[in-house]
Structure formats: structure tokens, C-alpha cells
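Below are the chains, spelled out letter by letter.
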Amino acid sequence: MIISFEGLDGCGKSTQIDKTLNILQSSGKKVKVLREPGGNTVSEKIRGLLLDLDNNSMKPETEMLLYIASRAQLVREDISRLLEDGCVVILDRFIDSTTAYQGYGRGLDLETIRVLNLFATENGKYIPDITFFLDIETEKSLSRVTSRGEEINRMESEDIDFFDRVRKGFLEISRRDPERFSVIDASGTVEEVFGRISDVLRKRDLL
Ligand code: TYD
């Protein structure tokens, strides 16, 4: 079972992933969380390249291929093995981030991204069973990112129009695949949002 979490930067994904990890572990499941880009030595090095503000000359095509490269490594080094061990794998971002950020955000060809995502996931063998898209207004997500007090990374330094396109992209791909996607209203308290997530987990017999 693969569960992915998607959303704009600052949507509260990390907190909700922690809570999901805890509740699934308490119900006796083996669970592992992996982040994208990253999750292993090679993919973490690719992450460094992608998020480094010094790399502001990076072309959208290079960026897209690096996200795909990181994913190809994560699938083959980690996800396949964990699933064989009977783990529930929780992914902090996955294929849909590339469609939303590089496709809708940067304007790269969606069909190329679809094919490369298939390639990265061994012909679609490792596609999430459930994808939570945590939706908040773009302005709110940006103000959460700046108020975190952490240094912003290369992706977070984009303007509001970029993140508006990314959000619209996530909503569009959620609409196209309602079986896999659960669009979660990520406004409200942490407990309210988690209530919406656990309702879905219950419906899918995971709790
Ligand atoms: P990160 O600090 O992990 O952001 P967050 O905590 O919001 O997940 O940085 C990952 C950044 O990379 C984030 O801005 C989204 C972006 N991204 C893409 O543009 N394409 C992708 O395929 C993935 C996986 C992430």
C-alpha cells in the first residue's frame, strides 16, 4: 500500500503525515515515511541540487529530469523493498508534484511528464493507492512558508502566479482521477484536517 501526500508548500503536509504515521502504527501496521525529492543517499544529493538557491540558472527541463531521476532511485532502492516487506509506504510528495509544479507551474509538456513518471515508477507498478491533496489558498500557503522563519529554498522563491498555476494543476489532476485522489480541505485546525484524512483512511479499511 502506497499513500502519497501532495499540496503547496506550507499546506501543513508534514504535520498531517506525522499524525497519519502515528495512527497507522498504533493500529499495528509497519509504516515508513519517505520524502521526495530524497529518501536515500543518491536522491538526497539530487535534492540538494534542486533546492539550492545558487542554482537559479537551472532550466525547467533539467529540473524536471532531476525530480524524475530522484524518483527512479527511490522506487528501485526503497519503495519496492518496503512493499515486499509488507510496509505501508507514506510518500511526502510523488509523481503528482512533477505534474503540478513542472507541468502546470513551469509549463512543460504534460504528456512527456506522464511518460517519464511511468518510467520512474517501473511502468506504473508503483503508483499510490491513495493520494491526499491538501488544498489551501495560495496566499495562505505562501504566508505560512515565509512565517516559518526558515530560509526559503529555490522552489519556494517563485512568485504567487507560479503557485496559483500549481494549485490549479493539483485540482485538475485530482478531478481527473477521483478514485485515487482525496482532496482535503486543509484550512482549519490540525485536528479538523486530520479528521478529514482519518475519515478516508477508515473508508479504505486502513483503520
Ligand atoms: P520541500 O522543502 O520538501 O517542500 P515541502 O516541505 O513543501 O514538501 O521541497 C520540495 C520542493 O520541491 C517543493 O517546493 C515542491 C518541489 N517539487 C517539485 O517541484 N517537483 C517534484 O516532482 C517534487 C517531488 C517536488
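Here goes a summary of the coordinates provided. Because the structure is a prediction, the values reported are computed rather than measured.

Take the sheet that holds strand β1 (residues 2-7) next. Spatially, the five strands line up as an open sheet ordered β2-β3-β1-β4-β5, and their pairing is parallel. The open sheet terminates on both sides in strands that have one partner only, identified here as β2 (31-35) and β5 (181-185). Going from strand to strand, the sheet's axes swing by 20° on average, the running direction of each strand aside. Strand direction decides the pairing type here: β2 and strand β3 (residues 88-92), joined by five bridges, are parallel. Its bridge partner being in β3, Lys32 is matched across the sheet by Val89. This element, helix α1 (residues 13-26), spans β1, β2, β3 and β4 (130-135) of the sheet and lies at about 175° to β3. Each of β1, β4 and β5 touches helix α7 (residues 160-176); the most contacted strand, β4, lies at about 145° to it.

Below, the discussion takes up the nonpolar core. With 21 residues, the main nonpolar core has Ile3, Phe5, Phe132, Leu134 and Ile197 as its most contacted residues. Breaking this core down by element, the ones donating at least two residues are β1, α1, β3, β4 and α8 (190-203). When residues no more than four places from it in sequence are discounted, the contact partners of Ile3 are Leu24, Val88, Val89, Ile90, Leu91, Ile130, Phe132, Leu201 and Leu206. With 18 residues, the next largest nonpolar core counts Leu50, Leu66, Ala100 and Phe170 among its residues.

Procedures and definitions
Residue positions are given per chain, counting from 1 as you read along its sequence in written order. The predicted origin of the model limits local features to residues at a pLDDT of at least 70 and limits the giving and counting of side-chain atom pairs to 80 or more, whereas totals for whole chains, interfaces and linings rest on all residues. The side-chain numbers reported here are obtained from all heavy atoms of the structure, hydrogens and water having been left aside. Two strands qualify as a pair provided DSSP detects at least 2 bridges between them. Working definition: helices are DSSP H or I runs of at least four residues, strands are E runs of at least two. Numbering for both runs from the N terminus. Each axis is a line fitted through C-alpha atoms, and for a helix only the stretch in contact is used; angles between axes span 0 to 180 degrees, taken between their N-to-C directions. Contact criterion: two residues are considered in contact whenever any of their non-hydrogen atoms come within 4.5 Å of each other. Among the buried residues, those of types Ala, Val, Leu, Ile, Met, Phe, Trp, Tyr and Cys that are joined through side-chain atoms within 4.5 Å form a nonpolar core. Only protein chains enter the accessibility calculation, which uses a 1.4 Å probe; a residue whose area is less than 20% of its type maximum is buried, one above 50% is exposed, and one in between is partly exposed.

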